[in-house]
Amino acid sequence: MSLVAYEFSQGIAILTLNNAPANAYSTPMFKELDAAILDARWDPAVDVILITGAGDKFFCAGADIDMLSGMDPDTKYYFCLHANETLLRLEHTPKLVISALNGHCVGGGLEVAMAADIRVAPANSKSKVGLPEVSLGVLPGTGGTQRLARMVGQTRAIELMAEGRLMSVVEASEYGLINRLLAGDDFKSTALEYARKFCRPGTSSRAIGHIKRAVRSGTDLPLESGLALERELQQRLFAGNDAVEGLAAFREKRDPQFTG
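Residues numbered from 1 in each chain as written. Predicted model: local features only at pLDDT ≥ 70, side-chain atom pairs only at ≥ 80, totals over all residues. Heavy atoms only, no water.

Draft legend 1. The overall build of the chain, seen in detail. A count of helical and extended segments in the chain gives eleven helices and ten strands. The globule rule puts the C-alpha radius of gyration for 260 residues at 18 Å, and the 19 Å found for the chain is close to it. Over its C-alpha atoms, taken along the principal directions, the chain stretches across nearly 60 × 45 × 35 Å. Looking at the chain as a whole, 46% of its 260 residues are labelled buried. Within the chain, contacts between residues separated by at least 24 positions form 70% of all contacts whose residues are at least 6 apart in sequence. (Helix = DSSP H or I, 4+ residues; strand = E, 2+ residues; numbered from the N terminus. Rg over C-alpha atoms; globule rule 2.2 N^0.38 Å. Buried < 20%, exposed > 50% of the residue type's maximum accessible area, 1.4 Å probe, protein only. Contact = heavy atoms within 4.5 Å.)

So this is what it looks like as structure tokens:
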């Protein structure tokens, strides 16, 4: 049975973490996730990558503790390194990535979710969100300390991780960890409907990919260098069909039909 199920639906690659009961991740799961990210990256039909968890109780509960307990320190290090590499690949894939938090999203599960560009959750969810690794005597070691600090600021990130506090999705939304709470009885369908807003032909997936690259790469550069990157990406868009179509549709007062 696949630990990361891969489906394709109307421009969206759906990657489902699939390891009952809590969708905890392991080395084999991260290898499958890495391969799925590459498949979606190279597929020209894919505009959006949506990551979710199997079932309705857990998005992901983080690393498989039994697996970690059986590893020596060097193996644990390489496990964390591979996880870092996989999530960086996800973060820098020039396609929009959405994490659909269908259940509890804690520890390494939140670290996976934070590597996405947008995080959504059910508005009526009772699930918990947080990084409680301190209770195990370790730190969030697959990107948690770095991504959380960049999202909520250093002092607030230290507080949340030092306390190991688990939040409701509403509180996580107030912190900016969740972008949007989606109403609806069928969360997966609602999340897919939301994701389709970013797909062709109604939206330029090419422009979105360039926006993502400008933000992900540019904000780590001095302002002048970031502006130079922005100009180069804009020029690539000006040279493409989507910009021609978008400007023409605006002038002609019709809906654009983007091809990416």
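Draft legend 2. Broad picture of helix H9 (residues 205-218). Its 14 residues place the ends of H9 19 Å apart at the C-alpha level, agreeing with the 20 Å of an ideal helix rising 1.5 Å per residue. Taken together, the buried positions of H9 are occupied by Ser205, Ile208, Gly209, His210, Lys212 and Gly218. (Expected span 1.5 Å × (residues − 1).)

Draft legend 3. Quick peek at the nonpolar core. Among the nonpolar cores identified, the biggest contains 47 residues, and Leu15, Tyr25, Ile51, Phe59, Leu148 and Leu177 are the most heavily contacted of them. When near neighbours in sequence (up to four residues on either side) are disregarded, Tyr25 contacts Phe30, Cys60, Gly62, Ala63, Asp64, Met67, Phe79, Gly108, Gly109, Glu111, Val112 and Thr142. By size, the runner-up hydrophobic cluster in this structure holds 18 residues, among which are Ala100, Val120, Leu182 and Phe198. (Core = buried A, V, L, I, M, F, W, Y, C linked by side-chain atoms within 4.5 Å.)

Draft legend 4. Focus on the side chain of Lys212. By secondary structure assignment, the location of Lys212 is in helix H9. Judged by its relative accessible area of 7%, Lys212 falls in the buried class. Among the polar contacts listed, one links the side chain of Lys212 to the backbone oxygen of Leu90, at a separation of 3.4 Å. In contact with Lys212, other than residues within four places in its own chain, are Leu90, Glu91, Thr93, Lys95, Val97 and Asp117. (Polar contact = N/O pair within 3.5 Å; in protein donor to acceptor, adjacent residues only side chain to side chain.)

Draft legend 5. Molecular detail of the side chain of Asp34. Within the fold, Asp34 resides in helix H1 (residues 27-42). Ignoring anything within four residues of it in the chain, the contact list for Asp34 reads His82, Thr86 and Arg89.

Draft legend 6. Seen up close, the sheet that holds strand E1 (residues 4-9). With respect to topology, six strands assemble into an open sheet ordered E1-E2-E3-E5-E7-E10, the strand pairing being mixed. Every interior strand has two partners, whereas the edge strands, E1 and strand E10 (180-182), have only one. Geometrically, the sheet is characterised by an average inter-axis angle of 25 degrees between neighbouring strands, direction not taken into account. Where E1 lies against strand E2 (residues 12-17), six bridges are found, and the strand directions are antiparallel. Bridge pairing links Tyr6 to Leu15 in E2. (Pairing = 2+ DSSP bridges. Axes fitted to C-alpha atoms, helices over the stretch in contact; angles between N-to-C directions.)

Draft legend 7. View of the environment of His210. Considering the arrangement of structural elements, one finds His210 in helix H9. Overall, His210 belongs to the buried group, its relative accessible area being 14%. As a C-alpha pair, His210 and Arg119 span 91 residues in sequence and 19 Å in three-dimensional space.

Draft legend 8. Molecular detail of the sheet that holds strand E4 (residues 58-60). Spatial ordering of the open sheet is given by E4-E6-E8-E9, a layout of four strands whose pairing is mixed. The strands lining the two open edges of the sheet, one partner per strand, are E4 and strand E9 (166-168). Put simply, the sheet's adjacent strands are angled 30 degrees from each other on average, direction ignored. As paired strands, strand E6 (residues 104-106) and strand E8 (residues 128-130) are joined by two bridges and run parallel to one another. Directly across from Val106, in E8, lies its bridge partner Gly130.

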